[in-house]
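The chain contents come next:
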Amino acid sequence: MQVTVNFDCLLRLISVCGESMALKEAKQVHEHIMRAMSSPDVNTYNKIMEMYSKCGAMDDALDVFNNMPERDWISWDTMITWLAKNELGEDAIDLFTQFKEAGFRPNSKMFIGVFLACGVLGDMDEGMFHLISMKNDFDIIPTMEHHLSIVQMLGSAGYLDEALEFIHKMHLEQNVNVWETLMYLSRVQGNLELGDRCAEIVEQLDPTRLDKESKAGLVPVRASDIALVREKKLASQNLLERRTQGYRAGDKSSPDTDKIYGLLRNLKAQMIEAGYVPETRFVLHDVDQESKEEAIHAHSERLALAQGFLTSPARMPVRVTKNLRVCGDCHNACKIISYIVGRQLIMRDNKRFHHMKDGVCSCNDYW
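Residues numbered from 1 in each chain as written. Predicted model: local features only at pLDDT ≥ 70, side-chain atom pairs only at ≥ 80, totals over all residues. Heavy atoms only, no water.

By the naming in an unreviewed UniProt entry, the protein is DYW domain-containing protein, taken from Linum tenue.

Here is the structure:
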């Protein structure tokens, strides 16, 4: 029987699976496409590869890349960028080298992924080498986006002084984005003095960029902070049969609230035994220390993880998507939790992926 494929629907399914980190459904969509389409074009393969990458399933993405009948520039760029976003910096740089050795010329966009990979590796020299190479070898003039990527690369690897020097030596006019980026990175890594200096410049350039938390010297965690846990059965606009549970900090709307908070209380006791000390500076509310600790233990990513533990088989990886940057205390807590429960935790925030296993995160605590 001939099967008619609604290609637009397939593209929507690919997008939903990737954004939802719905790996099981992603594999089903991939299998359907390969059965229904005799010879998918390179654009379809690229979208399948990106879908797997967004799910954090880089082995599957690489399998698609390696078995594509043909590749275009987007194929290489997608793979390089998402390897870096999934903390596989060395693999990203190796693939970039293969790209050049194959006789291809990178364009401006590809270097953004390369700088991200260098930041993951913490290799400042490699990153600056590629910055020089893009100008001297490929006649590409660095844009503000490239300069911002270099600041991110240096700062995320711990080279805050070098990032500051790079900003001062920029040939382009310094804008609020570079100073805001350095402000975040400085505060995350504990250099509050530099963070405050950057905040003063940000306020001069665009006061609307600073909220109450930023002015107080914190990396903000807002009330709109939401994390989503992807359960075994997932649903969005009837494209997939699925269920998505969203959480805000302190949320008690779930029918499993008692079980979720009970599990978190048990985990808290084990975490303290393992050496966990709450970093309550991430709670801005003017309350006592005990209330701050209670508030931080009810952050959205922890609620989402607890729901994932309750609704998935033992030892199965749990995937969480967060619309903001994960706070420092939750990052430390989730690492310890991964060790206690013996599971891999795959968290995607608005900056990058965090693959946590056995108490260690792939970001090496620089994000």
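Don't stop here, the text continues.
Caption draft 1: Inspection of the overall build of the protein at higher detail. Of the regular secondary structure elements, the protein holds 17 helices and six strands. Within the protein, the fraction of its 367 residues that count as buried is 50%. For the protein, the share of sequence-separated contacts (at least 6 apart) that also reach a separation of at least 24 residues comes to 63%. (Helix = DSSP H or I, 4+ residues; strand = E, 2+ residues; numbered from the N terminus. Buried < 20%, exposed > 50% of the residue type's maximum accessible area, 1.4 Å probe, protein only. Contact = heavy atoms within 4.5 Å.)

Caption draft 2: Spotlight on the environment of Glu70. Inspection of the secondary structure assignment puts Glu70 in the loop between helix H4 (58–66) and helix H5 (73–85). For the pair formed by Glu70 and Val42, sequence separation is 28 residues and the distance between their alpha carbons is 6.6 Å.

Caption draft 3: Region of the structure containing the UniProt feature "repeat: PPR" (unreviewed entry) in the protein. Mapped onto the present numbering, the UniProt feature "repeat: PPR" (unreviewed entry) falls on residues 41–75. The straight-line gap between the two end C-alpha atoms of residues 41–75 is 12 Å; of that span, 71% is helix and 0% is strand. (UniProt positions renumbered as here; feature names shortened; annotations may be inferred.)

Caption draft 4: Representation of helix H3 (residues 42–54) in the model. Taking 1.5 Å as the rise per residue, H3 with 13 residues should run 18 Å; its terminal C-alpha atoms sit 18 Å apart, in good agreement. Within the span of H3, buried status applies to Val42, Thr44, Tyr45, Asn46, Ile48, Met49, Met51, Tyr52, Ser53 and Lys54. (Expected span 1.5 Å × (residues − 1).)

Caption draft 5: Summary view of the pattern of salt bridges. One pass over the full model with this rule turns up nine salt bridges. Of the charged contacts in the structure, one is a salt bridge between Lys109 and Asp77, with a shortest N-O distance of 2.6 Å. Of this pair, Lys109 sits in helix H7 (residues 108–121) while Asp77 sits in helix H5; the two residues are 32 residues apart in sequence, bridging distant segments of the chain. Since its relative accessible area comes to 3%, Asp77 is described here as buried. Asp329 serves as the salt-bridge partner of Arg302, at 2.1 Å between the closest nitrogen and oxygen. Residue Arg302 is found in helix H16 (residues 300–311), and its partner Asp329 is found in helix H17 (residues 328–341); the two are separated by 27 residues along the sequence. The same class applies to Arg302 and to Asp329, which are both buried. One network of salt bridges, with partners in common, ties together Glu19, Lys54 and Arg348. (Salt bridge = Lys/Arg side-chain N within 4 Å of Asp/Glu carboxyl O.)

Caption draft 6: Highlighting the packing of helix H10 (residues 160–169) against helix H11 (residues 176–188). Running from N to C, H10 and H11 cross one another at 170 degrees; their axes reach a closest spacing of 11 Å. If you check the angle between H10 and H11, you find them roughly antiparallel. Across from Leu160, Ala163, Leu164, Ile167 and His168 in H10, the residues of H11 making contact are Val178, Trp179, Leu182, Leu185 and Ser186. Of the residues assigned to the contact of H10 with H11, the class counts are eight nonpolar, two polar and no charged. (Axes fitted to C-alpha atoms, helices over the stretch in contact; angles between N-to-C directions. Parallel < 35°, antiparallel > 145°, perpendicular 65-115°, else oblique. Nonpolar A, V, L, I, M, F, W, Y, C, P; charged D, E, K, R; others polar.)

Caption draft 7: Structural view of the nonpolar core. Ranked by size, the top nonpolar core spans 67 residues in total, and within it Tyr52, Met79, Trp179 and Leu182 carry the most contacts. Residues in contact with Trp179, not counting those within four places in the same chain, are Leu164, Ile167, His168, Gln174, Cys198, Ile201, Val202 and Leu205. Grouped together as the second largest cluster of nonpolar side chains are 27 residues, Leu264, Ile296, Ala306 and Cys363 included. (Core = buried A, V, L, I, M, F, W, Y, C linked by side-chain atoms within 4.5 Å.)

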